[in-house]
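Coordinates in review
Here is what each chain is made of, one letter per residue.
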Amino acid sequence: MPYCRNLGDGLWEVRSDVTDGKIGRVIFCVTKGRMALLHAFIKKTQKTPPQDLKLALKRMKEVL
């Protein structure tokens, strides 16, 4: 899987290996030529949890 992927609706996800074999995720958007980090979490399932996407979308609306 790529380290960075498009989640749709202007959201992007970047993944990073953290300790104990866990994988951290940061959801971000790009606005006015800048990257805005919206939400970070440790991913425990294959699919990105809907509540994490919802929170990132809410925060994206605040920074746009």
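To keep things clear, this report deals only with the structure shown in the data block.

Calculation rules
For every chain, the first residue of its written sequence is number 1, and the numbers climb from 1 along that sequence. For this predicted model, a pLDDT threshold of at least 70 governs which residues receive local features, and a threshold of 80 or more governs which side-chain atom pairs are given and counted, while totals over whole chains, interfaces and linings are taken from all residues. To obtain the side-chain values, all non-hydrogen atoms of the structure were used and water was disregarded. The term disulfide is used for any two cysteine sulfur atoms that are within 2.5 Å. Partly exposed describes any residue whose relative accessible area lies between the buried limit of under 20% and the exposed limit of over 50%, with all areas from a 1.4 Å probe on protein chains only and scaled to the type maximum. Strand pairing is defined by DSSP finding a minimum of two bridges between the two strands. Helix and strand assignments come from DSSP, with helices taken as H or I runs of at least 4 residues and strands as E runs of at least 2, each series counted from the N terminus. By this rule, a helix spans an expected 1.5 Å times one less than how many residues it contains. Working definition: the arc comes from the directions between the helix axis and the C-beta atoms, pointing outward to the latter.

A closer look at the state of the cysteines
A complete count under the given rule lists zero disulfides for this structure. Left without a disulfide partner, Cys-4 is nearest to the cysteine sulfur of Cys-29, which lies 12 Å away. Relative accessible area serves as the criterion here: at 36%, Cys-4 is assigned to the partly exposed category.

Considering the pairing of strand β1 (residues 4–8)
Two elements, β1 and strand β2 (residues 11–17), share four bridges in a ladder whose sense is antiparallel. The residue bridging Cys-4 from the neighbouring strand is Val-14, located in β2. If you look at the hairpin formed by β1 and β2, you'll find two residues sitting between the two strands, and Asp-9 has a positive phi there, around 55°.

Here we look at helix α1 (residues 50–63)
For α1, spanning 14 residues, the distance from its first C-alpha to its last is 20 Å, which sits close to the expected 20 Å at 1.5 Å a residue. Inspection of α1 places Asp-52, Ala-56 and Met-60 among the buried residues, and these make up the whole buried set. End-on view of α1: buried residues confined to an arc of 75°, all on one side of the axis. Opposite its buried face, α1 presents the exposed residues Pro-50, Gln-51, Lys-54, Lys-61 and Glu-62, each directed more than 90 degrees away.

Remarks on unusual backbone geometry
One non-glycine residue with positive phi stands out, namely Asp-9, at about 55°. Residue classification places Asp-9 among the exposed positions, given a relative accessible area of 64%. Residue Lys-32 is not a glycine yet carries a positive backbone phi of 55°. Within the secondary structure, Lys-32 sits in the loop between β3 (23–31) and β4 (34–43).

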